[in-house]
Amino acid sequence: MPIYAYRCEACGFAKDVLQKISDPQLTVCLSCGKETFKKQVTAAGFQLKGTGWYQTDFRGGTPPATGMSTGPMEGQKPAAKTDAAEPAAAPAAAPAAGASTSA
């Protein structure tokens, strides 16, 4: 149910009233009793959050945001980068030819 703002033009009394859309508009002031209670024009009290609400969310190109971070989580260090130009680790030295491995 929407909340409507009312204000009395005679005494200035203001009140927010929870009413059905089909309920009749209030006209009698709850404070002074005069029939000068008028409904005020106010801004809408809701927000559209998340994806899928806007026309631009479904146009081609990038998919809608998921809210998931792609970077490291807070408190974690980023993974060390490996440089492709660095030489690979040297293979283990093979025993010399003719050397005996028995003891």
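Please refer to the structure placed before this passage.
On a predicted model such as this, the values are computed, not experimentally measured, just so you know. (Residues numbered from 1 in each chain as written. Predicted model: local features only at pLDDT ≥ 70, side-chain atom pairs only at ≥ 80, totals over all residues. Heavy atoms only, no water.)

Caption draft 1: Representation of the nonpolar core in the model. By size, the foremost hydrophobic cluster in this structure holds six residues: Tyr4, Tyr6, Cys8, Val17, Cys29 and Phe37. At three residues, the largest contribution of residues to this core is made by strand 1 (residues 3-8). Once residues within four sequence positions are removed from consideration, phenylalanine 37 is found in contact with Tyr6, Arg7, Cys8, Phe13, Lys15, Leu26, Thr27, Val28 and Cys29. (Core = buried A, V, L, I, M, F, W, Y, C linked by side-chain atoms within 4.5 Å. Buried < 20%, exposed > 50% of the residue type's maximum accessible area, 1.4 Å probe, protein only. Helix = DSSP H or I, 4+ residues; strand = E, 2+ residues; numbered from the N terminus. Contact = heavy atoms within 4.5 Å.)

Caption draft 2: A look at the pairing of strand 2 (residues 14-18). Where strand 1 meets strand 2, five bridges bridge the pair, whose relative direction is antiparallel. Across the sheet, the residue bridging to tyrosine 6 is lysine 15, located in strand 2. Remark: five residues form the turn of the hairpin made by strand 1 and strand 2, two consecutive strands paired antiparallel; glycine 12 in that turn has positive phi of roughly 85°. (Pairing = 2+ DSSP bridges.)

Caption draft 3: View of the packing of aromatic side chains. Within the structure shown, the criterion is met by two aromatic pairs. Measuring from ring centre to ring centre gives 5.3 Å for tyrosine 6 and phenylalanine 37, while their planes differ by 15°; the resulting arrangement is stacked. Here phenylalanine 37 lies in strand 3 (residues 37-39) and tyrosine 6 lies in strand 1, a separation of 31 residues in the sequence. With 6.2 Å between their ring centres and 20° between their planes, phenylalanine 13 and phenylalanine 37 make a pair best called stacked. Pair noted here: phenylalanine 13 is in the loop between strand 1 and strand 2 and phenylalanine 37 is in strand 3, with a separation of 24 residues, a long-range link. Judged by its relative accessible area of 29%, phenylalanine 13 falls in the partly exposed class. With relative accessibility at 2%, the residue phenylalanine 37 sits in the buried group. (Phe/Tyr/Trp six-rings, centres within 6.5 Å; stacked < 30°, edge-to-face > 60°.)

Caption draft 4: Spatial organisation of the sheet that holds strand 1. Read from one edge to the other, the open sheet built from three strands follows the order 2-1-3, with strand pairing classed as antiparallel. A strand with exactly one partner marks an edge of an open sheet, and here the two such strands are strand 2 and strand 3. Averaged over all adjacent pairs, the angle separating strand axes in this sheet is 35°, with direction ignored. (Axes fitted to C-alpha atoms, helices over the stretch in contact; angles between N-to-C directions.)

Caption draft 5: Fine view of the pairing of strand 1. Sheet topology note: the strand 1/strand 3 ladder contains three bridges and is antiparallel. Bridging from a neighbouring strand, tyrosine 6 pairs with lysine 39 of strand 3.

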